Every structure is written in structure tokens, then in C-alpha cells.
Amino acid sequence: ESLLALRRPCYIARKRLSGTQLAAEGRVLRAVLYVYRSKLRRHRSYLAMQQVEQCLKRLWKMNLVGCIETLAELVPKKGTFQDHTECLIPSQPMLETVALKVLGSCKLILRLLDCCCKAFLLSVKHLCSEEYILLNTVASGLLSRLWFVIQYRCALQHLMSLYGLLSASLQLVSEIQQMPYIKGFTFPSDITNFLGVDISSEMKKQKARMLTTRKPTSWLKKLFPTVPKAVSEMEKKRNFAACRSAVKKSAIPCPMDVGQPVL
């Protein structure tokens, strides 16, 4: 049953890790670092963003998604055991390889979330002091989106549940035929003890730190004037009708430029 139950967690974990949002945020982060590398290579916000990009790069180079796809193809289907026929099952080296990569990816995702939180707080701090406004504005938005994409896609939680099933399947397969591949390392039975942190409480702490950060509104008010109060629906309809009638009356478009130059 543990082998049969591996198929759906593999599919969910692969879907969470191979989403388009996470890949898009990674491409934007690399583009921002490329643009600012010559000007701000010693800046603290830039160095913090480099740590985030390094964690993402290591996560992609692990090829965890490819290993999970290969494992899902080897998992027997539901009706195979009911027919009492011989079937192929994942070998112990295959299960050990995927389990080891899942453990490493969980550590990397924890480090990635921590680096995102620290880099976000640092960029907001420099933003409040009106230092490198453009870079820190882009960085704060990008890092907050990246943190929330990873968190609300529950990639870490799904990987932890996948490891629990991998551990049970690994124990079952090793009892059938001993073929140890990774030596000198004992696979933990509980991944929470291996990570050494309570995931839910840690995520709540990081979220509280990011949401309660002092908002940089002083320089925003200088750059953008105060938005007037929203007009009522009747006024909107009147303005729309007046503009529509004016367009109908004018047979020839006015050649005069009524715009104002941007300072």
C-alpha cells in the first residue's frame, strides 16, 4: 500500500515544484541581478538577493522534478497487485536517491525562505532611508512574491509528506532485497527532526516579520501625489456621457497637442 500511495504525492510534489510562477520569479530575479551587477555589486541588498538566487540555482540543479517523474513511472498501478501477477517496483537505490534529494531540497527551501525574508527586510530598510529607491522597490516586490509563491504553493509541506511515504517504501523494499546504495548515512524516520525546526511556527514568524515591517510611505508621497477620493457612480456616468457626446460632435480630430511635458 505504501508503494501504491507514492503515485499521487509524486504528482503533487512535481506540480508544486515545476509551476510557472516559481520559474518566472527566478528569471526576473536573475534579470535584476544582471542589470545591477556593475553598479551595486557591493551593496547589501544586492548581496542578499544573490544568496536567494544561489539557493534557487542549487534547487534547480538537483533535478528533483526529473527524479520524481522517473519514480512515478516505476510505481505500479492500483490494479497490479490485485491480479496476483509479477510487477516491477522501484529498487532500493532509486528510492534512496529520491529520498536523499527530497531531504536536501527541504533544507534548501528552508534556507531559500529565510534568505527571502532577510533580503526583503534589508531592501525595505534601505528603502525607508531613501537609498537606491528603484532597486529596493523592485527587490522588495520580487522577494515578497517569491516568498509567498513558495509558501502558498505548499512545496515544502508536500515534499515532507512525500518523504514519509518514501521512508516506508524504502523499508519495505529493503526487506525484500538488500541493495544499499548510499552508505554512511542513516535516513531519518521523521523529517521534522532532521530539519530541526517547526515549519508552521517558522513560517508564521517570517510572515509576521514581513507584514509588520515599517512601510516606506514618506518618499512615496513625495513621488506620487495624493489620489483624490473616488467619484460616485453617477458622476462617472455623466463624465462618460459627456465625453461620448463630444466625440460624436467632433467631425475632424483636433490637431492641437493638449498634453503636458513630463518633467
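For clarity, every value in this text was computed on a predicted model and none was experimentally measured. For every chain, the first residue of its written sequence is number 1, and the numbers climb from 1 along that sequence. Note on the predicted model: pLDDT of at least 70 is required for a residue's local features to be given, and 80 or more for side-chain atom pairs to be given and counted; whole-chain, interface and lining totals, by contrast, use all residues. Note that water and hydrogens are dropped before the side-chain values are worked out from all heavy atoms of the structure.

## Side note on the overall build of the protein chain
And step 1. Secondary structure summary: the protein chain contains 11 helices and 0 strands in total.
And step 2. Numbering goes from the N terminus for both helices and strands, where a helix is a DSSP run of H or I of at least four residues and a strand is a run of E of at least two. What you see in the protein chain, going N to C, is helices and strands ordered as α-α-α-α-α-α-α-α-α-α-α.
And step 3. Burial classes follow relative accessibility: with a 1.4 Å probe on protein chains only, a residue under 20% of its type's maximum area counts as buried, one over 50% as exposed, and anything between as partly exposed. For the protein chain, buried positions account for 40% of its 263 residues.
And step 4. A contact between two residues is defined here by any heavy atoms of the two lying within 4.5 Å. Counting only contacts in the protein chain whose residues sit at least 6 apart along the sequence, the fraction spanning at least 24 positions is 85%.
And step 5. Here the Shrake-Rupley method, with its probe set to 1.4 Å, supplies the accessible areas, and only the displayed protein chains count as covering residues. Split by element, the accessible area of the protein chain, about 17100 Å² in all, is 58% carbon and sulfur.

## Looking at the side chain of glutamate 25
And step 1. With respect to the secondary-structure elements, glutamate 25 resides in helix 2 (residues 20–36).
And step 2. Identification of polar contacts relies on pairs of N or O atoms within 3.5 Å, with a donor-acceptor requirement for protein atoms, meaning one able to donate a hydrogen and the other able to accept it, and with residues adjacent in sequence counted only if both atoms are side-chain atoms. Polar side-chain contacts of glutamate 25 include one of 3.1 Å to the side chain of arginine 145.

## Examining the packing of aromatic side chains
And step 1. Aromatic contacts are taken between Phe, Tyr and Trp rings whose centres are within 6.5 Å, Trp giving its six-membered ring; a plane angle under 30 degrees counts as stacked, one over 60 as edge-to-face, and the others as tilted. This model, assessed by the stated rule, comprises 1 aromatic pair.
And step 2. Cation placement over rings: the criterion is NZ of Lys or CZ of Arg within 6 Å of the ring centroid and within 35° of the ring normal. Across the ring face of phenylalanine 194, the terminal group of lysine 107 is positioned such that the distance to the ring centre comes to 5.3 Å.

## What to know about the packing of helix 1 (residues 7–17) against helix 7 (residues 155–176)
And step 1. Axes, fitted as lines to C-alpha atoms, cover a helix only where it is in contact. Angles between the N-to-C directions of the axes lie from 0 to 180 degrees. The interhelical angle for the contact between helix 1 and helix 7, taken along N-to-C directions, is 155°, at an axis separation of 9 Å. The orientation of helix 1 relative to helix 7 falls into the category roughly antiparallel. The crossing of helix 1 and helix 7 is left-handed. Residues Pro9, Cys10, Ile12, Ala13, Arg16 and Leu17 of helix 1 form the contact with helix 7, whose own contacting residues are Ala155, His158, Leu159, Leu162 and Leu165.
And step 2. Here the contact of helix 1 with helix 7 is composed, by residue class, of 9 nonpolar, 1 polar and 1 charged. For this classification, under 35 degrees means roughly parallel, over 145 means roughly antiparallel, 65 to 115 means roughly perpendicular, and everything else is oblique. Two helices crossing with the near one rotated counterclockwise from the far one by less than a right angle form a left-handed crossing, whereas a clockwise rotation gives a right-handed crossing. Under the scheme applied, nonpolar residues are Ala, Val, Leu, Ile, Met, Phe, Trp, Tyr, Cys and Pro; charged residues are Asp, Glu, Lys and Arg; polar residues are all the others, including Gly.

## Structural notes on the pattern of salt bridges
And step 1. What counts as a salt bridge is simple: a side-chain nitrogen of Lys or Arg found within 4 Å of a carboxyl oxygen of Asp or Glu. Within this structure, the stated rule accounts for 4 salt bridges.
And step 2. Note that arginine 145 and glutamate 25 form a salt bridge whose closest N and O atoms lie 3.1 Å from each other. Residue arginine 145 is found in helix 6 (residues 133–152), and its partner glutamate 25 is found in helix 2; the two are separated by 120 residues along the sequence.
And step 3. Owing to a relative accessible area of 43%, arginine 145 belongs among the partly exposed residues under this scheme.
And step 4. Arginine 111 is the partner of aspartate 114 in a salt bridge, and the nearest nitrogen-oxygen pair spans 3.9 Å. Placement of the pair is aspartate 114 and arginine 111 together in helix 5 (residues 92–128), with a separation of 3 residues, close to one helical turn.
And step 5. A single salt-bridge network, built from bridges that share partners, covers Arg111, Asp114 and Lys118.

## A short note on the confidence of the model for the protein chain
And step 1. Averaged over all residues, the pLDDT of the protein chain equals 76, while 76% of them reach at least 70.
And step 2. In predicted models, pLDDT denotes the confidence assigned by the predictor to each residue on a 0 to 100 scale. Within the protein chain, helix 10 (residues 218–223) has the poorest average pLDDT of any element, 54, and helix 3 (residues 44–61) the best, 88.

## Describing helix 5
And step 1. Its 37 residues place the ends of helix 5 54 Å apart at the C-alpha level, agreeing with the 54 Å of an ideal helix rising 1.5 Å per residue.
And step 2. The element helix 5 is extensively covered by neighbouring structure, given that 29 of its 37 residues are classed as buried.
And step 3. Backbone geometry just downstream of helix 5 places glutamate 130 in the positive-phi region, at approximately 55°. Helix span is expected to be 1.5 Å times the residue number reduced by one.

## Concerning the environment of aspartate 190
And step 1. Among the structural elements, aspartate 190 can be located in the loop between helix 7 and helix 8 (191–195).
And step 2. By relative accessible area, which is 33% here, aspartate 190 ends up partly exposed.
And step 3. Along the sequence, aspartate 190 and methionine 160 sit 30 residues apart, while their C-alpha atoms lie 9.2 Å from each other.
And step 4. Of the polar contacts made by the side chain of aspartate 190, one reaches the backbone nitrogen of threonine 192; its length is 3.2 Å.

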